[in-house]
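# Summary of the model geometry
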Amino acid sequence: MRILVQKFGGSSLTTQDCRERAIHHIAKAHREGYALVVVVSAMGRKGDPYATDTLLQMIQENGDKLPPRETDLLLHTGEIISAAVLCSMLHARGIKSTVLTGGQANIITSDDYTNAYVYTIDPNRIKQELERGHVVIVPGFQGRTVDWEITTLGRGGSDTTATALGVALGAEMVDIFTDVNGIMTADPRIVEEAQPLTSVTYTEICNMAHLGAKVIHPRAVEIAMQTNVPIRVRSTFSDDPGTLVSSLQYAGQMDGQINDRLVIGIAHVENLTQIKVFAKEGQYDTQLHVFKAMATNGISVDFINVNPRGVAYTVHDRMADKASGILSEMGYEPQLLRECAKVSVIGAGIAGVPGVMAQIVEALTNHDIPILQSADSHTTIWVLVRQTDMVKAVRALHRQFQLHKRTAESQTYTSESKTN
């Protein structure tokens, strides 16, 4: 069987018209001879009747005291409703389909209610239905423990369900359908010149997802990367192929292009507070005390710089006062700079290439944007700026690396043009 996994997000299922578009893609792949597994999210977003956030709000309005196990019993119902509705639409069009809950599909998870991890998947039940010629619809975001307790997978759980099933079934491709036409070089709400990317590597999209791009969850990409199952990020509302996420080698085989890209995109995360803590005289283990205190109190830290004089790091704005209070109780005098943003320059081509940081500094300096802090890895360079400078910084860096040009023309060239 040529197996294809299709995942439809909540915004792709909100209205009857949206669901008709999803059916269009399912029927098209069915006609092309694929054995289809369709993963669905709950319909819509917060405020819509069956959306996950709406169900959570119902708990909060009653004191937010529902135990985690029972919370999962409630939360997994939104996806089941989506699956049943889609099943009815397919049968109305003469396409046989079967709904299998996460438990019935044998998605076995940890017992970390509301944020479980997938341990293993036994795909035999799904394969039996596929061999009967049925489209198998699996509600995303859910699984079961070995004791048949219902669990949910946390944020991005439906993406995780789709790629985990793709790996377990040896799928040819996993299509992630959403309300945007693939992955862009930057947030198009900030950069009007942002361009769609035809292909990115697993590492690049993981970095983009971790650093602010919300098109696909990084957990899902990391699962697909384990066995090189390619992903396409596509729009439910068009027939465009979207963005291919794969290894560089696979991308080259698919589109005949050789990737020669320095930078693929600019991402950003806002609402951060920079905290600086200076070491007491004669103290050389400041970082140990500071980060242990943050961990003990459940405060996530990021953008860490350590030196003999102390440490600098960021927390989310909403955690800044709590962090400051803890540090003061420890005898430190933390310096806080609120309302900052992290802007990231991402690209596998950065590794080993001199002058990338110089270009970043040049672009920001030319726009009078101070760099408050910086860090780098082999695929990403981060800079911290004031939030009031964030939009200007993203636009300046996008233009500095010429991402405003058509990506297919400016960042890749075909084997044929290379020979010429």
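Given the structure is predicted, the values throughout are model-derived calculations rather than measurements.

## What to know about the pattern of salt bridges
- Tallied over the full model, the rule gives 17 salt bridges.
- Its salt-bridge partner being D239, residue R21 comes within 3.8 Å of it at the nearest N-O pair. Here the residue R21 occupies a position in helix α1 (residues 16-31), and D239 occupies one in the loop between β11 (231-235) and β12 (243-246), the gap between them amounting to 218 residues.
- Judged by its relative accessible area of 25%, R21 is partly exposed.
- Between D302 and K342 there is a salt bridge whose closest N-O contact spans 2.4 Å. Remark: K342 occurs in strand β17 (residues 335-346) and D302 occurs in strand β15 (residues 302-307); sequence separation between them is 40 residues.
- According to the relative accessible area criterion, D302 is partly exposed, its value standing at 34%.
- Owing to a relative accessible area of 5%, K342 belongs among the buried residues under this scheme.
- Taken together, the salt bridges that share partners define one network made up of R69, E70 and E149.

## Some words on helix α8 (residues 218-226)
- Those residues of α8 that sit buried are P218, R219, A220, V221, I223 and A224.
- A positive phi of about 60° marks N228, the residue just after α8.

## Topic: the side chain of T98
- Turning to its location among the elements, T98 is positioned in strand β3 (residues 97-99).
- Assessed through its relative accessible area of 14%, T98 is described here as buried.
- The contact partners of T98, leaving out residues within four places of it in the chain, are E129, H134, V135, V136 and I137.

## A few points about the sheet that holds strand β9 (residues 173-178)
- If you walk across this open sheet you meet the eight strands as β3-β6-β2-β1-β9-β11-β12-β10, and the pairing is mixed. Every interior strand has two partners, whereas the edge strands, β3 and β10 (199-201), have only one. Taken over all neighbouring pairs, the strand axes of this sheet differ in orientation by 20° on average, direction set aside.
- Direction of pairing for strand β2 (residues 35-40) relative to strand β6 (residues 135-139): parallel, over a ladder of four bridges. Across the sheet, the residue bridging to V39 is V138, located in β6.

## A few points about the sheet that holds strand β18 (residues 373-376)
- Across the sheet, which stays open at both edges, the six strands sit in the order β15-β16-β14-β17-β19-β18 with antiparallel pairing between neighbours. Here the strands that pair on one side only, and so sit at the sheet edges, are β15 and β18. Neighbour to neighbour, the strand axes of the sheet diverge by 30° on average, direction disregarded.
- Where β17 meets strand β19 (residues 380-386), seven bridges bridge the pair, whose relative direction is antiparallel. What sits directly across from V345, in β19, is I381.

## Some thoughts on the confidence of the model for the protein
- On average, the protein scores 89 in pLDDT, and the residues at 70 or more come to 92%.
- For residues 407-420, every residue scores under 50 in pLDDT, and the model assigns this stretch 24 contacts once sequence neighbours within four places are set aside.

## Description of the pairing of strand β16 (residues 310-316)
- Burial runs high along β16: six of the seven residues are buried.
- Of the strand pairs in this sheet, strand β14 (residues 265-278) and β16 are connected by seven bridges, and their pairing is antiparallel. When the sheet's bridge partners are listed, I275 is paired in β16 with Y313.
- Note: β15 against β16, four bridges, orientation antiparallel. Directly across from N305, in β16, lies its bridge partner A312.

Procedures and definitions
Along each chain, residues carry numbers from 1 onward, in the same order as the chain's sequence is written. Note on the predicted model: pLDDT of at least 70 is required for a residue's local features to be given, and 80 or more for side-chain atom pairs to be given and counted; whole-chain, interface and lining totals, by contrast, use all residues. With hydrogens and water excluded, all non-hydrogen atoms of the structure serve as input to the side-chain values. Here, a salt bridge means any Lys or Arg side-chain nitrogen found within 4 Å of an Asp or Glu carboxyl oxygen. Every helix listed is a DSSP run of H or I at least four residues long, and every strand listed is a run of E at least two residues long, numbered separately from the N terminus. Three labels apply to residues, based on accessible area from a 1.4 Å probe with only protein chains included: buried if under 20% of the type maximum, exposed if over 50%, partly exposed otherwise in between. Should any heavy atoms of two residues lie within 4.5 Å, those residues are counted as being in contact. In this analysis, strands are considered paired if DSSP registers two or more bridges between them. Axes here mean lines fitted to C-alpha atoms, for a helix over just the part in contact, with angles spanning 0 to 180 degrees between N-to-C directions. A score between 0 and 100, pLDDT records how confident the predictor is in each residue.

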